[in-house]
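So you can see what is in the structure, the chains are spelled out below.
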Amino acid sequence: MRRKTRLILALDVLSSDKAITLVRSIGDLFDAIKIGYPLILAGGLEIVGEISAEAPVIADLKVADIPNTNRLICDQVLGAGASGIIAHAFTGKDSLEACARSARDHRADLFVVTEMSHPGAAAFMAPIAESMAEMAVEAGASGVVAPATRPERIAVIRRIIGELIIISPGVGAQGGSAAAAIAAGADYLIVGRSVYEAADPASAARQIIDKITI
Ligand code: BMP
């Protein structure tokens with residue numbers, strides 16, 4: 001992944017044409033494009049290759065199955081051109097390692113979800129987030145996903161993972177502050193609706209970049 005603006009676009013739109021148009025017009029303001037179930041289910045797996053031709057793609061499939069199924073899922077989307085994949089850790093070490101092996105085989109990055117950004121994550125994810133961060137390190141992941149809505153948790157996770165990459169969603173539409181997430185240790189911010197739903201997406205992205213430029 002490049003490191004120019006420290007922004008990752010979460011492209012949760014439901015039309016391939018709209019997705020491609022957005023990537024062509026504002027893609028250079030982002031270090032990667034994150035696409036997941038909404039766009040892949042709407043546009044088919046080929047959308048992964050189409051967007052990958054324009055910018056690095058992180059496939060946000062939050063892979064969470066038995067090792068064999070995890071491997072099949074990762075191989076499909078990484079084989080289609082994605083250069084990163086997001087997986088859950090709560091399924092256990094063997095499942096996560098299957099994702100890590102696939103990522104290695106495709107020279108791609110594996111990002112592991114720790115604690116999610118929405119309020120409901122407090123119930124089951126928050127109490128085990130630190131163990132999941134440790135598991136990400138042990139599995140050889142490139143990085144983790146940690147919540148911009150709770151920057152203090154980014155700081156805790158940073159202490160566990162050392163130099164691994166933190167990609168952090170929750171800025172904008174979910175109420176998180178870009179500057180606070182970066183100050184707490186996030187490497188990249190993931191932003192979706194506050195950019196692609198804005199009247200002027202380029203200007204919305206630039207406003208966030210201005211807040212994190214030190
Ligand atoms: P938005 O900026 O529109 O809230 O989008 C955030 C993106 O990050 C969405 O694609 C969402 O699925 C993803 N995400 C998140 O919001 N919280 C997490 O903890 C993990 C995520 O992947």
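Residues numbered from 1 in each chain as written. Predicted model: local features only at pLDDT ≥ 70, side-chain atom pairs only at ≥ 80, totals over all residues. Heavy atoms only, no water.

Describing the packing of helix 4 (residues 67-79) against helix 5 (residues 93-105)
Short version of the rule: Working convention: axes come from line fits to C-alpha atoms, limited for helices to the stretch in contact. Angles between N-to-C directions cover 0 to 180 degrees. Elements are defined by DSSP. Helices are runs of H or I of four residues or more, strands are runs of E of two residues or more, and each kind is numbered from the N terminus. Here the word oblique covers every angle except those under 35 degrees (roughly parallel), over 145 (roughly antiparallel) and from 65 to 115 (roughly perpendicular). The hand of a helix crossing depends on one turn: near helix anticlockwise from the far one by less than a right angle means left-handed, and clockwise means right-handed. Contact criterion: two residues are considered in contact whenever any of their non-hydrogen atoms come within 4.5 Å of each other.
Direction vectors running N to C along helix 4 and helix 5 enclose 25°, while the axes themselves pass 8 Å from each other. Relative to helix 5, the element helix 4 lies roughly parallel. Considering only the axes of helix 4 and helix 5, their crossing is right-handed. Residues Pro67, Asn70, Arg71, Cys74, Asp75 and Leu78 of helix 4 pack against Asp94, Ser95, Leu96, Ala98, Cys99, Arg101, Ser102, Ala103 and Asp105 of helix 5.

With respect to unusual backbone geometry
To be explicit about the condition: Exposure is judged per residue with a 1.4 Å probe applied to protein chains only, and the accessible area is read against the type maximum: over 50% gives exposed, under 20% gives buried, and values in between give partly exposed.
Backbone geometry at Arg6 places phi at a positive 65°, although glycine is not the residue there. With respect to the secondary-structure elements, Arg6 resides in the segment before strand 1 (7-10). Its relative accessible area of 18% is what places Arg6 among the buried residues. The phi dihedral of Arg107 falls on the positive side, at around 50°, and the residue is not glycine. Examined against the element boundaries, Arg107 turns out to sit in the loop between helix 5 and strand 5 (109-113).

Quick look at the site of the ligand
Threshold: Neighbouring residues are identified by heavy atoms, a residue being near a molecule or strand if any of them is within 4 Å of it. Two N or O atoms form a polar contact when they lie within 3.5 Å of each other; inside protein one atom must be a possible hydrogen donor and the other a possible acceptor, and for residues adjacent in sequence the pair counts only when both atoms belong to side chains. The Shrake-Rupley method, run with a 1.4 Å probe sphere, supplies the accessible areas, and residue values consider only the shown protein chains as cover. Put simply, Ala, Val, Leu, Ile, Met, Phe, Trp, Tyr, Cys and Pro go in the nonpolar bin, Asp, Glu, Lys and Arg in the charged bin, and everything else, Gly too, in the polar bin.
Around the ligand, a shell composed of 14 residues is seen, among which Asp12, Lys34, Lys62, Ser117 and Arg193 lie nearest. Contact between the ligand and Asp60: an oxygen atom at 3.2 Å from a side-chain N or O atom of the residue. Measuring from an oxygen atom of the ligand, one finds a side-chain N or O atom of Lys62 at 2.7 Å. Considered on its own, the ligand offers 480 Å² of accessible surface; in the complex 89% of this is hidden by protein. Of all the elements in the fold, those that place two or more residues in the shell around the ligand are strand 3 (57-63) and strand 8 (188-191). Looking at the shell around the ligand residue by residue, the classes come out as six nonpolar, three polar and five charged.

Quick word on the packing of helix 5 against helix 7 (residues 129-139)
Here helix 5 crosses helix 7 at 45°, and the two axes come no closer than 10 Å. Taken together, the axes of helix 5 and helix 7 lie oblique to each other. For the pair helix 5 and helix 7, the sense of crossing is right-handed. Residues Lys93, Leu96, Ala100 and Arg104 of helix 5 pack against Met135, Ala136, Glu138 and Ala139 of helix 7. Per-class residue counts for the contact of helix 5 with helix 7 are five nonpolar, no polar and three charged.

What to know about the side chain of Asn70
Tracing the chain through its elements places Asn70 in helix 4. Judged by relative accessible area, Asn70 falls into the buried class, the value being 0%. Among all residues touching Asn70, those that are not within four sequence positions of it are Val63, Ala64, Asp65, Ser95, Leu96, Ala98 and Cys99.

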